[in-house]
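# Observations on chain architecture
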Amino acid sequence: MALHFELSEFDSRRERLLAKMAEEKLDALLLFAQESMYWLTGYDTFGYCFFQTLVVKSDGSMTLLTRSADLRQARNTSIIENILIWVDRPNADPTLDLKNLLSDLDLLGAKIGVEYDTHGMTGRVARLLDNQLASFCQMSDASYLVSTLRLVKSPAEIAYARKAGQLADAALDAALPLIKPGADEAAILAAMQGAVLAGGGDYPANEFIVGSGADALLCRYKAGRRRLDAKDQLTLEWAGVSAHYHAAMMRTVVIGEQDFRQKELYSACLQNLTAIEEVLRPGKTFGDVFDVHARVMDERGLTRHRLNSCGYSLGARFSPSWMEHQMFHAGNPQEITADMTLFVHMIVMDSDSGTAMTLGQTYLTTDGAPEPLSRHNLDLLTA
């Protein structure tokens, strides 16, 4: 069995989940988020692009309903013992199979929580599910129940996060010698992803971001590559990944002579990240972190050029995004505690001058000052 954690770790997670379900008075929980299933059982697949759900009852029993392609996947990667298959066929409605399963599990009239806010739950599936179960049970939105439990990492999870941080550093180490006038973005990207995989890591939950010239102002991956000019800018966002645990980093590299605006924006990013390190501590909230970000940027006249969030929680995630639900945005009351892995990014995109500047890294929170998971300093990168 290809498990990344001891059975005692999974037992502890299940006990925490059952306690939360009891608090919410839930008789059962339907998990559709792949990261929830992975956290609870070790189940590792991209089969969530089709219908599948893990039924967790308040007595701790678990039943996976999935397709035949994932039967052996679940057996080999998870602690799930009860696995049922729905059959591909014209006009198939696996929510009917689920309703029959819930009936067999004696859950008629029960209070059942559902993970709606996940990429494993399409709009079509949600409509089918609601139609099938509307008169069968009492449903409630439990989208954030497991994701909230996952915010605080165990020692075993922290070990994977540290490894991910080392792999992120290795990716930057591989990229830096290649970044120079005339360099091909494709070669830089290949070196970074190759360093993670060669180091024993995994594919990230979303693509690495690489963009130069005008594309350095983009915050998302896009197809197409170019070569760097003698005077250029290159924005990179990437993550080291170990057992699906992510440690993200972000940098904008200045190629050739630096201009005043680039230095000005870098100064703002560095001041901001340094100030945030003072509030990235227990007793503060995610909203407090954003407030610092907004204040520093706004005082420098950068309101139009900053984003409306400045980072998020990281953990074991699956495509299409490595971002967790909890983000640093205005008014987020989520408390910061020790043993969280949090990615803080400064992103300033000045479309007026065509200048990009970013600076970001992942931190492990402690009882005091946050610990960067990267050994790289925050100096401005140039080539």
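Before reading on, note that the structure itself is shown above.
Let me begin by describing the structure that accompanies this report. (Residues numbered from 1 in each chain as written. Predicted model: local features only at pLDDT ≥ 70, side-chain atom pairs only at ≥ 80, totals over all residues. Heavy atoms only, no water.)

## Quick look at the pattern of salt bridges
Stated precisely, the cut-off is as follows: The salt bridge definition used is simple: a Lys or Arg side-chain nitrogen within 4 Å of an Asp or Glu carboxyl oxygen.
Evaluated as defined, the whole model comprises 23 salt bridges. One salt bridge connects Asp298 with Arg306, and the closest N-O pair in it is separated by 2.9 Å. The network of salt bridges with common partners includes Glu35, Arg150, Arg317 and Glu324.

## Side note on the sheet that holds strand β5 (residues 111-114)
To keep things clear, this is the line we draw: Whether two strands pair comes down to DSSP finding at least two bridges between them. Per the convention used, a helix needs a DSSP run of H or I reaching at least four residues, while a strand needs a run of E reaching at least two, with both numbered from the N terminus. Note on geometry: axes are C-alpha line fits, over the in-contact stretch for helices, and angles between N-to-C directions span 0 to 180 degrees. Throughout, a residue-residue contact means that at least one pair of heavy atoms, one from each residue, lies within 4.5 Å.
Here we have 6 strands laid out as an open sheet, ordered β4-β3-β2-β1-β5-β6, and mixed in their pairing. With one partner strand each, in any of the chains shown, β4 (82-85) and β6 (138-141) form the two edges of the open sheet. Shown here is a sheet whose adjacent strand axes are inclined to one another by a mean of 20°, direction ignored. Taken together, the 4 bridges between β5 and β6 define a ladder with parallel strand orientation. Bridge pairing links Val114 to Asp141 in β6. Taken strand by strand, helix α1 (residues 7-23) contacts β1 (28-31), β2 (53-57) and β3 (62-66), and its axis lies near 70° from that of β2. On top of the sheet, helix α2 (residues 34-41) reaches β1, β2 and β3; it is set at about 50° to β2, its chief contact.

## Section: the nonpolar core
We count it as follows: In this description, a nonpolar core means a group of buried Ala, Val, Leu, Ile, Met, Phe, Trp, Tyr and Cys residues linked to one another through side-chain atoms lying within 4.5 Å. Burial classification: accessible surface area is computed with a 1.4 Å probe over protein chains only, and a residue below 20% of its type maximum counts as buried, one above 50% as exposed, and the rest as partly exposed.
By size, the foremost hydrophobic cluster in this structure holds 36 residues, and its most contacted members are Ile179, Ile188, Met192, Leu234, Leu236, Trp238 and Trp322. Among the elements of the structure, α7 (155-175), α8 (185-198), β8 (232-242), β9 (245-255) and β11 (341-350) are those that each provide at least two residues to this core. In this structure, Leu234 is in contact with Ile179, Ile188, Val210, Gly211, Ser212, Leu228, Arg251, Thr252, Val253 and Ile255, ignoring residues within four places of it in sequence. Counting residues in hydrophobic clusters, the runner-up holds 31 residues, among them Leu265, Tyr266, Val289 and Cys310.

## Focus: the environment of Pro181
Summarising the element assignment, Pro181 is placed in the loop between α7 and α8. Between the alpha carbons of Pro181 and Met139 there is a distance of 58 Å; along the sequence they are 42 residues apart. Ignoring any residue separated from it by four or fewer positions in sequence, one finds Pro181 in contact with Leu228, Asp229, Ala230 and Ile255.

## Regarding the pairing of β5
The pairing of β1 with β5 spans 3 bridges and is classified as parallel. Among the inter-strand pairings, Leu29 is bridged to a residue of β5, identified as Gly113.

## A closer look at α8
Using the following cut-off: Residue count minus one, scaled by 1.5 Å, sets the expected span of a helix. Residues adjacent in sequence count toward polar contacts only when both atoms are side-chain atoms; beyond that, a polar contact is any pair of N or O atoms within 3.5 Å, and within protein one must be able to donate a hydrogen and the other to accept it.
Helix length check: α8 (14 residues) gives 20 Å between terminal C-alpha atoms against 20 Å at 1.5 Å per residue, within 8%. Residues of α8 that are buried include every one of Glu185, Ile188, Leu189, Ala191, Met192, Gln193, Ala195 and Val196, and no others. The backbone nitrogen of Ala186 has a side-chain oxygen 2.9 Å away, supplied by the residue at the start of α8, namely Asp184. Gly200 sits one or two residues past α8 and shows a positive phi near 90°.

Take it as geometry only, folks, not as evidence of what the structure does.
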